[in-house]
Amino acid sequence: MTRPPCTLIAGWLAAAAAGVMMFLLLDATPASAACGTITYEADPSHPFELPELGCDPAIPAVGTGIASTLALVATTLHALRLYRAGAAEEWLTGARRRPRDILDDLAQTKWAKEAYDSFLADSRDITAISANTRDVLRMNGSSGFTEKEISDVKRHLMETAHRIEDRETGEIVLRSFDADPEIADAWIRLRSGRPLPEDFILLEHELAELNYLREHPGCTYQEAHAAANATYHWESQVPLNIREDMESDW
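Conventions used here
Residues numbered from 1 in each chain as written. Predicted model: local features only at pLDDT ≥ 70, side-chain atom pairs only at ≥ 80, totals over all residues. Heavy atoms only, no water. Helix = DSSP H or I, 4+ residues; strand = E, 2+ residues; numbered from the N terminus. Buried < 20%, exposed > 50% of the residue type's maximum accessible area, 1.4 Å probe, protein only. Contact = heavy atoms within 4.5 Å. Areas by Shrake-Rupley, 256 points an atom, 1.4 Å probe, with all protein chains shown as cover. Pairing = 2+ DSSP bridges. Arc of directions from axis to C-beta. Core = buried A, V, L, I, M, F, W, Y, C linked by side-chain atoms within 4.5 Å. Phe/Tyr/Trp six-rings, centres within 6.5 Å; stacked < 30°, edge-to-face > 60°. Axes fitted to C-alpha atoms, helices over the stretch in contact; angles between N-to-C directions. Parallel < 35°, antiparallel > 145°, perpendicular 65-115°, else oblique. Left-handed = near helix turned anticlockwise from the far one by under 90°. Nonpolar A, V, L, I, M, F, W, Y, C, P; charged D, E, K, R; others polar. Salt bridge = Lys/Arg side-chain N within 4 Å of Asp/Glu carboxyl O.

Caption draft 1: Fine view of the overall build of the chain. In terms of helices and strands, the chain carries 8 helices and 4 strands. Mapped in sequence order, the helices and strands of the chain form the string α-β-β-α-α-α-α-β-β-α-α-α. Across the 250 residues of the chain, 34% fall into the buried class. A separation of at least 24 residues holds for 60% of the contacts in the chain among residues at least 6 apart in sequence. With an accessible surface of roughly 15000 Å², the chain has 58% of that area assigned to carbon and sulfur atoms.

Caption draft 2: Representation of the pairing of strand 4 (residues 172-175) within the structure. Sheet topology note: the strand 3 (residues 162-165)/strand 4 ladder contains 4 bridges and is antiparallel. By the bridge assignment for strand 4, I164 is matched with V173. Between the end of strand 3 and the start of strand 4, which pair antiparallel, lie 6 residues, with G170 showing a positive phi angle near 80°.

Caption draft 3: Structural detail: the environment of L240. Tracing the backbone through its elements, the reader meets L240 in the segment after helix 8 (221-229). Using a relative accessible area of 52% as the deciding quantity, one classes L240 as exposed. Each C-alpha atom, one on L240 and one on E182, is 7.6 Å from the other, the two residues being 58 residues apart in sequence.

Caption draft 4: View of helix 8. Of the residues making up helix 8, those classed as buried are A224, H225, A228 and N229. All buried residues of helix 8 lie within an arc of 135° about the axis, which places them on one face of the element. Of the surrounding secondary structure, the elements contacted by the buried residues of helix 8 are helix 7 (197-215).

Caption draft 5: Molecular detail of the nonpolar core. Judged by nonpolar contacts, the single largest core of 27 residues is most densely connected at Y116, F119, I150, W187 and L203. Looking at this core, the elements with two or more residues in it are helix 3 (105-120), helix 4 (124-132), helix 5 (147-158), helix 6 (181-192) and helix 7. No other element matches the 6 residues that helix 6 contributes to this core. Apart from the residues within four sequence positions on either side, W187 is in contact with F119, D125, I129, I150, V153, K154, L157, M158 and L203.

Caption draft 6: Broad picture of the packing of aromatic side chains. Under the counting rule described, the total for this entry stands at 2 aromatic pairs. A ring pair is formed by Y116 and F119, whose centres lie 6.4 Å apart and whose planes are at 35°; its orientation type is tilted. Of this pair, Y116 and F119 both sit in helix 3, 3 residues apart, which is roughly one turn of the helix. Given the relative accessible area of 5%, Y116 is considered buried. Classification of F119 by relative accessible area gives buried; the value is 0%.

Caption draft 7: Here's a closer look at the packing of helix 3 against helix 6. Two elements in contact, helix 3 and helix 6, have axes separated by 9 Å at closest approach and are oriented at 40°. On the basis of their axis angle, the class for helix 3 and helix 6 is oblique. The interaxial crossing formed by helix 3 with helix 6 has left-handed handedness. Of the residues in helix 6, those touching helix 3 at Q108, W111, A112, A115, Y116 and F119 are P181, I183, A184, D185, W187, I188 and R191. Classifying every residue of the contact of helix 3 with helix 6 gives 10 nonpolar, 1 polar and 2 charged.

Caption draft 8: Seen up close, the environment of A128. Checked against the element boundaries, A128 lands in helix 4. Here the alpha-carbon distance between A128 and R191, two residues 63 residues apart in the chain, equals 5.4 Å. If we skip the residues at most four places from it in the chain, A128 touches R191 and W250.

Caption draft 9: Representation of the pattern of salt bridges within the structure. Within this structure, the stated rule accounts for 17 salt bridges. Measuring nitrogen to oxygen at the nearest pair gives 2.7 Å for the salt bridge that ties E182 to R98. Taken together, the residues span a long stretch of sequence, with E182 in helix 6 and R98 in the loop between helix 2 (58-92) and helix 3 at a distance of 84 residues. Comparing E182 with R98, the two get one shared label, buried.

Caption draft 10: Expanded view of the side chain of E244. Residue placement: E244 occurs in the segment after helix 8. Judged by its relative accessible area of 6%, E244 falls in the buried class. When residues no more than four places from it in sequence are discounted, the contact partners of E244 are R96, R97, R98, W111, D185, I188, R189 and R194.

So this is what it looks like as structure tokens:
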């Protein structure tokens, strides 16, 4: 397998750093890294001394700085290689964990879309989430979420086409929601029985949106979303940097 470029560069820099350090060892006194006399002992009983070498005392210090910089860059590149290799291994070994870089929109959207597809292909999550939330105390005084509520939320988030106002043109388009990685993370936790408190807020928010849409036929998603935020503002409580695996046990 061909080595990644960063690995080769790291190797070259490490070799260069070693070369600079070797130069320093041969051109400076071992004790003080300054110019002067170097004593070698081929035979401990008969030491001999080389004549004093004339040189600029600043050279060893500058060389040390160069060597240290090269070594630091080499270490950084090696760490980058390991980071990338780790991300790749998650896919090679069958894991389907959310990508590390939350700023990589393409990778995040791709993962979220695949997660949504896997959710829609298996209806068992509805029963699992309802069972995993049966003891949750809700703001309306009831406990837990019914299977119908979970089913409605799932269809609302992942299938139903909504009237959505285009931010640029102002036109109303009928389409389903974009796949959201934070929602996918929450859904994985909910079905796995290890939800966060914020995940319950998500369910309440989506149910509030659904109720508003039912009570206001013809309204836009943005109107329903704003109404739901008045009571359940999940967006302000989204847990970030929690990378879930869509193939985790549940």
